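Close look at the chain arrangement
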Amino acid sequence: MATKSKAFRAAAEKIAADKFYTPAEAVALAKETGSKKFDSTVEVALKLAVDPRKADQMVRGTVMLPHGTGKTARVIVFANGPAAEAAIAAGADEVGGSELIERVAGGWTDFDAAVATPELMGQVGRLGKVLGPRGLMPNPKTGTVTPNPAKAVEEIKGGKIEFRVDKHANVHFIVGKASFSAEQLDENLNAALEEIVRLKPSSSKGRYIQKGSVSTTFGPGIPLDVNVIA
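Residues numbered from 1 in each chain as written. Predicted model: local features only at pLDDT ≥ 70, side-chain atom pairs only at ≥ 80, totals over all residues. Heavy atoms only, no water.

1. A few points about the pattern of salt bridges
Throughout the structure, instances matching the rule amount to ten salt bridges. For the salt bridge of Glu-155 with Lys-160, the shortest nitrogen-to-oxygen distance reads 3.1 Å. Shared partners join several salt bridges into a network, and the residues in it are Lys-71, Arg-74, Asp-110 and Asp-112. (Salt bridge = Lys/Arg side-chain N within 4 Å of Asp/Glu carboxyl O.)

Printed below as a string of structure tokens:
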């Protein structure tokens, strides 16, 4: 524990006090502050000027990161027949109908994303209490309820991420690994920022992105200069 705390302090000392970093500067610094013992995940947190309690201010979407996430997502698919066969061919980790639904209803959530065909959503809907809190519920707005689950599997495994504002108006997402080049991380981060800005609700007033930070797993937060984000 002492070693970890010492490493955290050493990393934090590399972050200038009272300075806000551009996205490019922040991801470059994140590479320096990441753990030397493993390949840290680079994460981003943003505070938005929205009220998630209002339906017209719910910010939710997906974006294909140009350089992927650095890990292979585990994807399950609720489908039957040809759609199920296509999903298996596309690399889905688990595919099934009622039996898979029962497995998840029993509490199994060892996966990163769930996809469903429209005809099974009537049954999948009852998994809301299990999947909802984890952000895993299939949704047509994010392309995870689709008659073509194979395409969804390919996109998710290829680097597609989903983001959703929480009840405190925060958005969290990953942009890659510390082993990525600074340019790759910057391009991934900017792709995500562009999509989040594009989804700004018309009812949101004032500065949309109020504050943000970039960090690595177990690493200190690097404050973002939101003034340079459109």
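2. Observations regarding the sheet that holds strand 7 (residues 170-177)
Here four strands make up an open sheet; going across it, the order is 7-1-8-9 and the pairing antiparallel. The open sheet terminates on both sides in strands that have one partner only, identified here as strand 7 and strand 9 (222-223). Against the sheet, helix 2 (residues 23-33) touches strand 1 (41-48), strand 8 (209-216) and strand 9, its axis set at about 30° to strand 8. Packed on one face of the sheet, helix 8 (residues 182-198) meets strand 1, strand 7 and strand 8 and runs near 155° to strand 7. (Pairing = 2+ DSSP bridges. Helix = DSSP H or I, 4+ residues; strand = E, 2+ residues; numbered from the N terminus. Contact = heavy atoms within 4.5 Å. Axes fitted to C-alpha atoms, helices over the stretch in contact; angles between N-to-C directions.)

3. A short note on the sheet that holds strand 4 (residues 94-96)
Taken in spatial order, the three strands of this open sheet run 4-3-5, and their pairing is parallel. Here the strands that pair on one side only, and so sit at the sheet edges, are strand 4 and strand 5 (113-116). Direction aside, neighbouring strands of the sheet carry axes that sit 15° apart on average. Here four bridges tie strand 3 (residues 75-78) to strand 5, and the two strands are oriented parallel to one another.

4. Notes on the domain arrangement of the chain
Domain parsing of the chain yields domain 1 (6-69 + 160-224) and domain 2 (75-158). Relative to domain 2, the C-alpha centre of domain 1 lies at a distance of 27 Å. Every contact between the two is made by seven residues of domain 1 and, on the other side, eight residues of domain 2. For the pair domain 1 and domain 2, the summed buried area comes to about 690 Å², and 44% of that belongs to carbon and sulfur atoms. (Domains from an automatic or database assignment. Buried area = accessible area lost by both parts, 1.4 Å probe.)

5. Considerations on the packing of aromatic side chains
This model, assessed by the stated rule, comprises two aromatic pairs. With 6.3 Å between their ring centres and 80° between their planes, Phe-38 and Phe-218 make a pair best called edge-to-face. Of the two residues, Phe-38 sits in the loop between helix 2 and strand 1 while Phe-218 sits in the loop between strand 8 and strand 9, which places them 180 residues apart along the sequence. Arranged with centres 5.1 Å apart and planes meeting at 50°, the rings of Trp-108 and Phe-111 form a pair that is tilted. One cation-aromatic arrangement involves Arg-103 over Trp-108; the distance from NZ or CZ to the ring centre is 3.8 Å. (Phe/Tyr/Trp six-rings, centres within 6.5 Å; stacked < 30°, edge-to-face > 60°. Lys NZ or Arg CZ within 6 Å of the ring centre and 35° of its normal.)

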